[in-house]
Amino acid sequence: MQVYPFFVTHAGCPQRCLFCRQEVISGVGDSAQPGDVGAALEKVLPERGDGEVAFYGGSFTLQPAARQIAFFEAVRPYLESGRLGGIRISTRPDGLDPSQVDLLRRHGVRTVEIGCQSFAPEVLETCRRGYQAEAVVQAAARVRAAGLRLGLQLMPGLPGGGPREAFESLARALALKPDFLRIYPAVVLKGTGLERLWRQGGFRPLELEEAVEVCAEMLWICHGAGVPVIRMGLQATTGLNDGSVIAAGPYHPAFGQLVRSQLWQRALRRATLQGECEISVHPADFSDAIGHRRKNLQVLQSEFGFIEITRDERIPRGALACSRGRFPIMDLAFYED
Ligand code: SF4
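Residues numbered from 1 in each chain as written. Predicted model: local features only at pLDDT ≥ 70, side-chain atom pairs only at ≥ 80, totals over all residues. Heavy atoms only, no water.

The name given to the protein in an unreviewed UniProt entry is Radical SAM protein, and the organism recorded there is Desulfuromonas versatilis. The record in UniProt for the protein states the following under Cofactor (unreviewed entry): "[4Fe-4S] cluster". (UniProt positions renumbered as here; feature names shortened; annotations may be inferred.)

**Q** Would you mind going over the nonpolar core with me for this structure?
**A** What tends to happen in soluble globular proteins is that the nonpolar side chains get buried as a cluster. With 80 residues, the main nonpolar core has Leu 41, Phe 55, Ile 89, Val 112, Ile 114, Leu 181 and Leu 320 as its most contacted residues. When near neighbours in sequence (up to four residues on either side) are disregarded, Ile 114 contacts Thr 91, Arg 92, Pro 93, Leu 96, Ala 139, Ala 140, Val 143, Leu 150, Gly 151, Leu 152 and Gln 153. (Core = buried A, V, L, I, M, F, W, Y, C linked by side-chain atoms within 4.5 Å. Buried < 20%, exposed > 50% of the residue type's maximum accessible area, 1.4 Å probe, protein only. Contact = heavy atoms within 4.5 Å.)

**Q** In this structure, what is going on with the site of the ligand? I would like to understand it.
**A** Residues in contact with the ligand, as listed here, are His 10, Cys 13, Gln 15, Arg 16, Cys 17, Phe 19, Cys 20, Gln 22, Gly 58, Ser 59, Arg 92 and Arg 129. Residues that form the shell around the ligand fall into these classes: four nonpolar, five polar and three charged. (Near = heavy atom within 4 Å. Nonpolar A, V, L, I, M, F, W, Y, C, P; charged D, E, K, R; others polar.)

**Q** Explanation requested: the environment of Gly 147 in the structure shown.
**A** Structurally, the position occupied by Gly 147 is in the loop between α6 (133–145) and β5 (149–154). Given a relative accessible area of 64%, Gly 147 falls into the exposed group. (Helix = DSSP H or I, 4+ residues; strand = E, 2+ residues; numbered from the N terminus.)

**Q** So what exactly am I meant to see when it comes to helix α3 (residues 65–80) here?
**A** Each full turn of the α-helix corresponds to 3.6 residues, which orients residues three or four apart in the same direction. Compared with an ideal rise of 1.5 Å per residue, which puts 16 residues at 22 Å, α3 spans 22 Å between its outermost C-alpha atoms and is within 8% of the ideal. Along α3, the helix axis deviates most sharply at Ala 74, where the bend reaches about 35°; the proline Pro 77 sits within four residues downstream. Those residues of α3 lying buried are Gln 68, Phe 71, Phe 72, Ala 74, Val 75 and Tyr 78. Packing partners of the buried residues in α3 comprise α2 (34–44), β2 (52–56), β3 (86–91), α4 (98–106) and β4 (109–117). Where α3 terminates, the next one or two residues include Gly 82, which has phi positive at roughly 80°. (Expected span 1.5 Å × (residues − 1). Bend = angle between axes of the 7 residues up to and from the residue.)

Pasting the structure below:
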């Protein structure tokens, strides 16, 4: 689905969470204003479309109601003319009491993304989230009861967490039957409380390889649960890419590809262990299959000798073909131990 994002940087946030600096995550310094929305949409919207305007980067529903409505009113003409299908907002779980959810429903909001980050009490407390995990459960139930689509955001690798906590939080998130997930491994941004904690030696972020492995396993579990993961890792921005805003942690501009490639590597290894050395994939999967900078090919070739991966448009997306037939990679990408 086409999404037209606006960033309401830290709007409504009751406090600053330990890890957060929205202005550097979004790469947009100033918060969007209701008066900006119409002119920006005029430039990008098709004559007819089912996309969503999204308000990201803050706690949308914790702004004053009049401010929320001003944004909705700016979008309304485009919903009424059929150029947009709905509105999407992201917010905190404690910003979704029944009256707030009702306000969203009455003004054309179709999708609500809840920043959960973790369900572990020690993580929520250390990161100064200011609510208990039960608040997520209740907020998610209200969003679903209102007939809105539900997205959940998780952040593995925060202080007090780690791989085990990440999988436990994922299980709690999946139990809420979200329509989709976003997964952002925790990165230490300069100027945050997390940076101070890290410099004092009180926190060790996940290594990049560790984060890729954890997120690959999470992606595989989500696939099994039938829940799409629409984003893995922070969206690349100039400040993130040149390293000027990152102190430490598993940031990579192609993090999502690293994760998908990890699952391809598992699947290809299983096929290769069965003696297969000539494997075909759909052209659109080719770069994920061979891996970032051909890493998968190099790893498998050093382990097994000759292995060739070729493109074939007849192979369905997400599958590989070898002499034994065609196999979905998610069926092959489980751990062997
Ligand atoms: S994580 Fe969410 S609630 Fe916390 S400061 Fe950032 S935008 Fe605000």
